[in-house]
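For reference, the chains in residue letters:
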Amino acid sequence: MQRVGVRSDGGSDDRPGWLKVSVPFLLCGVVFAGAGLFLPTEQWLLLFCMMVAYVVPPLGRETIIPAGILLGIPWWLIAFTLAFLDFAGGLFMAWNFPLVLRIPYVGPWIQRFMAAGRTYLDRRPWLERFYFLGLIIFVSIPFDGSGSIVGSIVGRMLGMTKTEVLSCITIGGVIGSFAIALGIDYITNLIPAEAGLWVSFAVFLVIGTALLVMYRSYSRMRETDV
């Protein structure tokens, strides 16, 4: 597999620039409008807030999905919405990666991230043999906010095509979102209805704290390994 810093797919893309930028946002708007068919107005607006919060780090699936279910949004709807946001984010990055690199602060951060990642992969060439499955797993794991952004960067570092990266992001987003939503919904059903909202909140707070501790430990191990 070709290994490069910033991969160019080589093929020509004759889509107008405004179309490549606007289509992912328009698709998200269509999904949000469709959610209004299943939700009351208050929950519909809450869903919009969660969509925005998911795209802006550090909040991720492990935070947004439990909050959405506690607030009454169906587990399948919040899972589908976040998975679709991953797809839309991957589509935006696939079509507009050079544009993103020109954004102040964001572009330099991506370049630094890719340089560090390239060094990490050069030391572990065996990781690139499992690039497709590895990227799916990477995107499906929470704690990275919307995995489509960082996942797109990692895919570029691995020399994957736009289609491969977008496929991995979509599959990983579906697996990650629905796995967490199903788990949270199962736990919610175990809590007696008479326990009340505060008991449910306390249970999810304990779970969230445990996940945060695990993530902090993982981050320290990764920093030490690099």
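Here's what I pulled together on the structure shown here. As the structure is a prediction and not an experimental result, all values here were calculated from the model. (Residues numbered from 1 in each chain as written. Predicted model: local features only at pLDDT ≥ 70, side-chain atom pairs only at ≥ 80, totals over all residues. Heavy atoms only, no water.)

1. Let's talk about the environment of Ser177
Consideration 1: With respect to the helices and strands, Ser177 occurs in helix 8 (residues 162–190).
Consideration 2: For Ser177, a relative accessible area of 0% corresponds to the buried category.
Consideration 3: Counting along the chain gives 112 residues from Ser177 to Ile65, while the straight-line C-alpha distance between them is 7.8 Å.
Consideration 4: Beyond its immediate chain neighbours, meaning those up to four positions away, Ser177 contacts Arg61, Ile65, Ala79, Leu82 and Ala83. (Helix = DSSP H or I, 4+ residues; strand = E, 2+ residues; numbered from the N terminus. Buried < 20%, exposed > 50% of the residue type's maximum accessible area, 1.4 Å probe, protein only. Contact = heavy atoms within 4.5 Å.)

2. Notes on the packing of aromatic side chains
Consideration 1: For the structure shown, the criterion picks out seven aromatic pairs.
Consideration 2: Arranged with centres 4.5 Å apart and planes meeting at 5°, the rings of Phe32 and Trp44 form a pair that is stacked. Of this pair, Phe32 sits in helix 1 (residues 17–35) while Trp44 sits in helix 2 (residues 41–55), placing them 12 residues apart in sequence.
Consideration 3: Both rings, one in Phe32 and one in Phe48, keep their centres 5.3 Å apart while their planes meet at 50°; by these two values the pair is tilted. One end of the pair, Phe32, is in helix 1; the other, Phe48, is in helix 2, with 16 residues separating them in the sequence.
Consideration 4: A residue is classified by how much of its surface remains accessible, and Phe32, at 15% relative accessible area, is buried.
Consideration 5: Overall, Phe48 belongs to the partly exposed group, its relative accessible area being 42%.
Consideration 6: Grouped by ring-pair contacts, the aromatic residues Phe32, Trp44 and Phe48 constitute a single cluster.
Consideration 7: Lying across the ring of Phe97, Arg156 places its NZ or CZ 4.4 Å from the centre. (Phe/Tyr/Trp six-rings, centres within 6.5 Å; stacked < 30°, edge-to-face > 60°. Lys NZ or Arg CZ within 6 Å of the ring centre and 35° of its normal.)

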